[in-house]
Amino acid sequence: MAGLEKILEDIKRENNDIIFNIKQEAEETAKKMIDDKKAELDERGRFMDKKMEKVIKLDIEKGILSAQSFKRKMILEEKQKQIKYMVEQSKEYIKNLPKDEYIEFFAKIAQSRAHSENGTIRLNKTDMERYGEEFVQKINQKLSENGKGTLTYDTSPSNEKTGFAMIYDDVEENCSIEAIFSEKSELIADKMNSFLFA
């Protein structure tokens, strides 16, 4: 998976530049907000007596807190945007893995979600056309090695765009890339956040 590591490192380098620029922009905007607030209050202060000093000071502090909050919001939004972009890039990388690596990836997914009893498997339309029974055979081999039940190939395609579905009576195990990423979204976001912004 060296290719994925390179993609992630490239994204991380690009992301660092973007975040640096966003931080600079946020700091400049926050500073302008604070300076404008101070200038406004200084102008007001010329016409007020000493009794209003505490009120003016409190108003300045509120302005500073507002500017700091704005800065944090800008940075957080950019981080979320970068995490989402990186997740989508990772999905595309998996979709375009070489044949053997692609099947091995999904064989591991099948192993983690398979039941002990026998079931059926439905591939997405694209994988049916390019891999078909070979895909199912390699998955069954992996399941057999780990004491899982055998999957019978159902030639009706699944409704998913990627991956496959394993059916055990009334239970369906969705093994699409979308389902995997959605199910682990919080964990993935945490790991991406640590990778990008640690």
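Look up a bit, the structure's there.
Residues numbered from 1 in each chain as written. Predicted model: local features only at pLDDT ≥ 70, side-chain atom pairs only at ≥ 80, totals over all residues. Heavy atoms only, no water.

**Q** Lay out the nonpolar core with the relevant residues and their values.
**A** Counting 27 residues, the largest nonpolar core has Phe106, Ile121, Phe135, Ile139, Leu151, Phe164 and Met166 as the members making the most contacts within it. If you list the elements that add at least two residues to this core, you get helix 2 (53-95), helix 3 (99-113), strand 1 (119-123), helix 5 (133-145), strand 3 (164-168) and helix 6 (177-183). Among the elements that line this core, the one with the most residues is helix 3, at six residues. Dropping the residues within four chain positions of it, leucine 151 is found in contact with Gly119, Thr120, Ile121, Val136, Ile139, Asn140, Leu143, Met166 and Tyr168. (Core = buried A, V, L, I, M, F, W, Y, C linked by side-chain atoms within 4.5 Å. Buried < 20%, exposed > 50% of the residue type's maximum accessible area, 1.4 Å probe, protein only. Helix = DSSP H or I, 4+ residues; strand = E, 2+ residues; numbered from the N terminus. Contact = heavy atoms within 4.5 Å.)

**Q** Before we move on, can you summarise the sheet that holds strand 2 (residues 151-153) with the specific residues and values?
**A** The strand order across the open sheet built from four strands is 2-1-3-4, with neighbouring strands paired in mixed fashion. Because the sheet does not close on itself, it has two edges, and the strands there are strand 2 and strand 4 (171-174). Between one strand axis and the next, the sheet turns through 30° on average, direction left out of account. Across four bridges, strand 3 lies against strand 4 in antiparallel orientation. Bridging from a neighbouring strand, isoleucine 167 pairs with glutamate 172 of strand 4. Contacts from helix 3 reach strand 3 and strand 4, with the element oriented near 25° to strand 3. (Pairing = 2+ DSSP bridges. Axes fitted to C-alpha atoms, helices over the stretch in contact; angles between N-to-C directions.)

**Q** Explain helix 3 to me, and be specific about the residues and the numbers.
**A** Each full turn of the α-helix corresponds to 3.6 residues, which orients residues three or four apart in the same direction. End to end, helix 3 covers 21 Å across 15 residues, agreeing with the expected 21 Å (1.5 Å per residue, within 8%). Taken together, the buried positions of helix 3 are Tyr102, Ile103, Phe106, Ala107, Ile109, Ala110 and Arg113. Angular distribution of buried residues about the axis of helix 3 spans 160°; they occupy a single face of the element. For helix 3, exposure combined with an orientation more than 90 degrees from the buried face picks out Asp100 and Ser112. (Expected span 1.5 Å × (residues − 1). Arc of directions from axis to C-beta.)

**Q** An account of the environment of asparagine 118 is needed here, citing residue identities and associated values.
**A** Position of asparagine 118 relative to the elements: it lies in the loop between helix 3 and strand 1. Remark: the alpha-carbon pair of asparagine 118 and threonine 150, spanning 32 residues in sequence, is separated by 4.8 Å. With sequence-adjacent residues up to four places away left out, asparagine 118 is seen in contact with Gly149, Thr150 and Tyr168. Of note is the side chain of asparagine 118, whose polar atom sits 2.8 Å from the backbone nitrogen of threonine 150. (Polar contact = N/O pair within 3.5 Å; in protein donor to acceptor, adjacent residues only side chain to side chain.)

**Q** Please provide a residue-by-residue account of the environment of glutamine 141, values included.
**A** You can see glutamine 141 is positioned in helix 5. Spatially, the C-alpha atoms of glutamine 141 and alanine 107 are 8.9 Å apart, while their sequence positions differ by 34 residues.

**Q** Hey, could you go over the pairing of strand 1 for me, with residue numbers and the actual values?
**A** Taking every second residue as pointing to the same face, the buried face of strand 1 carries Gly119, Ile121 and Leu123, while none of Thr120 and Arg122 on the other face is buried. Here three bridges tie strand 1 to strand 2, and the two strands are oriented parallel to one another. If you follow threonine 120 over to strand 2, its bridge partner there is threonine 152. Direction of pairing for strand 1 relative to strand 3: antiparallel, over a ladder of four bridges. By the bridge assignment for strand 3, isoleucine 121 is matched with methionine 166.

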